[in-house]
Structure formats: structure tokens, C-alpha cells
Amino acid sequence: MKTENIDNFEQCIKCTICTVYCPVVPVNPAYPGPKQAGPDGERLRIKNNYFFDEALKYCLNCKRCDVACPSGVRISDMIQEARINFSKKKPKLRDMMLASTDFMGTMATPFAPVVNAVLPLKPVKAVLDGVMGIDHRRQFPKYTGTKFETWFKKEAADRQAGFKRHIAYFHGCYVNYNYPQLGKDFVKVMNALGYGVNLIDKEKCCGVAMIVNGMADSAKKNARHNVNALSKAIPGNEKILTSSSTCVLTMRDEYPELLKVDNSAVRDSLALGTKFIFSLIDSGKVKLAFKKDYKARIAYHTPCHLEKLGWGVFSTSVLKMIPGVEFTLLDSNCCGISGTYGFKKENYDASQAIGAPLFEQISRINPDFVACDCETCKWQIEMSTGYTVKNPISILAEALDLEETAKLNNQ
């Protein structure tokens, strides 16, 4: 089967810089590296799929090879597309469970206290490790008993109509099933800036976990559904915002390039919340009033997918605007979890080894907390360092005098 990347891989100049920047190569000798897995392997695979190597499953899909490539070769897409087109391995029950975030979240929410109490138990972890292949050392994120969508409909939806300007919010699985507080903070901040928030009607998981777990058909279904839902959300809304770097990258770039789902009607409207907020501040459209007593030593970790988008500067710039913040930009390192990758028994040791330089730097700096725009990076850093990780949106919600900011923006 011929892939869509055929014209692109010929731009590879064999410099191997992608291999140098790959976080997997130094810790897992079974992985051939992005140059061999990508451009070199593609030249063979398009002639005969016999040359497909199942070791491509060890790719993190972190996109660091794409960022490093001086020739603009879409190496990570090439690797994932090869897996979609040529892999003979069917996803395991474990993979389907980890990737089906909407299903698992819906099942867990009504029993959240029980699920949260049972998952950390050693006997349960032993069963998950031995039977499912989910490493016993991995900590699971907690589920919420009340979904963000439920809170929004009860507590926030009615007052959004009172705003003259509106944005649409793709909240994602993490906010809905695990951490509604981030969604609440998002609504507070946007309202204080003079924007009403409209939720995407019946949104589904962006599909990134399905892509990397061999469930491309399911990912395409979600992509088509979401593009249709996002298209309906644009009228009356200036932008479609997310608070997750991975969600926005997947919907903007993976849908058309990897899943071959046309998102041209919505792509330019999609943005990360901090990017939109920075543009408002930079253009003078909104004003901020901060709490005078807010102080924090913050270390910011740029998620790999945000590096790929080139948008890390917006989150860091917004955080630096907060008086009383002592800001440190952490070195560019992958945390190692890459969504569901670090949950799998066969990947756990490599996942932790990849993140070790990041964990060590955080410990040396000893911040009050870490800032990051990615939920799975949050899980990895909190588990591996003990430091709290907050989304920049939540930090803004804490640092802003929301009432005074609302007055400044004519609310």
C-alpha cells in the first residue's frame, strides 16, 4: 500500500539528527530509531510490506524528530501511518481499554469513589500487571464523580448568554472525567476576560490514544464526528479553544495528515487557550488585574506536542506576565509517558528512563509547582517527582483578581 508521505520522505538528507533527538533510542535498543523507522524504512515498505518492522510500536509519537528535522520531513506521521497500513498486530484488550477514554470514563464516573479506592490496591495492580500488561508501578489518574459537562449545564451554561463575545471550548476527556476543575478555571478566566463559553455539542475523544494503539478506524470515526461538531460550533464563536496541547495538535494536524479526515472548515479556528489569551492581551483587547499577594516559584515544562505546534511561547509569556512569579523554563525534554505508552508493562522502564533528566532538573530547581499544558505530562511528573503540576489556565485563575478583571473588561 502506498502512503501519502511518499513525496515528503525523499527530502530526507540522511543527517540522522532525528535519531539524535529521539528520546527512545538511548533507552530501548529494540527501536530502530526515527531515520530507519521513517524515511529509510518507507523506501522499502512502499515496494514490499514484508519490510515493515513491528518494532515501530516503540515510537512515542512525541514529534521531536519532526521538530529536529532540517528538511521538514514528517517522520512521526510516516511511522504512525506505516503502523496503520502494515501492522498485523491487533490491539489487545488492554490497548482498547486505555484508548477508549470516553467509554472508560462513562463507566467509571458513577462509581468514582470505589474505582479511585480500588485501583491503587496492590492485589488489583498485580492483576492488571500480570493479566492486562499494565505496569504495577504506574499510578492511575483519579476519576471524578461529577463530569465537567454536568457541572457546566447546572452551574455555568445559563449565564454564558449574557456575554457579547463567545468562544467554543473543546474540554476533552481529562477535564470531563478526571479533572473538571481545569474546565471550571477555564470558564472563570474566559468570563473575566469578557467571553462567554459554549461547549462543543456531544464532543468525543480527539482520538490520539486510538491512533497509537492500533485503532485507526475508531479514531477516524471520532475525527469525522468532531469535525462535524466543531463546524456547528463556529457560527457565533470567534475561536474553538482547548486546554490540552495534545487535543489541539491531534485535531489540527493528525486529522488531515494521518487519518485523512478533512478538517479545513475548522482547522484555522482551533487554538490552545493560552495562545488566544496572549493574543487578546498583546492586542490590547483585554486587561488583567492580578492579586497583589500572589507569589509562586514556577517551573514550566513544554509538552512535546506543544513544541511541535511552536506554541510554547504563548503559555510561557502569559505566565511571565503574572507579578510575583519567579519563572524557570525547564530544558526541552520528553517526560516519557506519551499518553498510554508509559502505562504498558513493556514500556514502563523506558518511559521512566526517558523522563529522568526532566525529573532530576525539577528536583534541583525545587519550584512551588510545575506548569504544563498536557494532562499526561502532569500524571508522569507528579508520579515521578512528587511535585504538583498545574495547567497555565488554572494558574491564571488563581493569580487573577477575577472580579476586578471582569470590571476592566466591561463585565
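Participant: Is there a simple way to think about the pattern of salt bridges in this case?
Facilitator: Charged atoms that come close allow side chains of opposite charge to pair. Summed over all chains, the structure comprises 21 salt bridges. Asp40 is paired through a salt bridge with Arg43; the nearest N and O atoms lie 3.5 Å apart. Taken together, the residues Asp40 and Arg43, both in helix H3 (residues 34-45) and 3 residues apart, mark about one turn of the helix. On the basis of relative accessible area, Asp40 is assigned to the buried category, the value being 19%. Within the structure, one salt-bridge network assembled from shared partners comprises Glu10, Lys14, Lys35, Asp40 and Arg43.

Participant: Help me out: how do you make sense of the packing of aromatic side chains in this one?
Facilitator: Evaluated as defined, the whole model comprises 13 aromatic pairs. Aromatic pair Tyr195 and Phe276: ring centres 5.4 Å apart, planes at 85 degrees, arrangement edge-to-face. Of this pair, Tyr195 sits in strand S2 (residues 195-199) while Phe276 sits in helix H16 (residues 273-282), placing them 81 residues apart in sequence. Take Tyr195 and Phe276: they sit in the same class, and that class is buried. Taking the ring centre of Phe343 as reference, the NZ or CZ of Arg138 above it sits at 5.4 Å.

Participant: How should the side chain of Glu81 be read in this particular structure?
Facilitator: Tracing the chain through its elements places Glu81 in helix H5 (residues 75-86). At a separation of 2.8 Å, a polar atom in the side chain of Glu81 contacts the side chain of Lys260.

Participant: Sorry, what's going on with the pairing of strand S1 (residues 165-170) here?
Facilitator: For a regular strand, side-chain orientation follows a simple rule: the groups alternate between the two sheet faces. Of all 6 residues in S1, 5 are buried; the element is thus mostly enclosed. Across 5 bridges, the pairing between S1 and S2 is parallel. Paired with Ala168 across the two strands is Asn198, which belongs to S2. By the bridge criterion, 3 bridges tie S1 to strand S3 (residues 240-242) in an arrangement that is parallel. Bridging from a neighbouring strand, Ala168 pairs with Ile240 of S3.

Participant: Which parts of the structure should I look at to understand the nonpolar core?
Facilitator: One broad rule of soluble globular proteins: the nonpolar side chains tend to lie buried together. In this structure, Ile167, Met190 and Ile322 are the most contacted members of the largest nonpolar core, which totals 95 residues. Excluding anything up to four places from it in sequence, Ile167 contacts Phe186, Met190, Tyr195, Gly196, Val197, Asn198, Asn237, Lys239, Leu241 and Phe276. Residues Phe9, Cys12, Val24 and Ala82 belong to the second largest nonpolar core, which totals 26 residues.

Conventions used here
Residues numbered from 1 in each chain as written. Predicted model: local features only at pLDDT ≥ 70, side-chain atom pairs only at ≥ 80, totals over all residues. Heavy atoms only, no water. Salt bridge = Lys/Arg side-chain N within 4 Å of Asp/Glu carboxyl O. Helix = DSSP H or I, 4+ residues; strand = E, 2+ residues; numbered from the N terminus. Buried < 20%, exposed > 50% of the residue type's maximum accessible area, 1.4 Å probe, protein only. Phe/Tyr/Trp six-rings, centres within 6.5 Å; stacked < 30°, edge-to-face > 60°. Lys NZ or Arg CZ within 6 Å of the ring centre and 35° of its normal. Polar contact = N/O pair within 3.5 Å; in protein donor to acceptor, adjacent residues only side chain to side chain. Pairing = 2+ DSSP bridges. Core = buried A, V, L, I, M, F, W, Y, C linked by side-chain atoms within 4.5 Å. Contact = heavy atoms within 4.5 Å.

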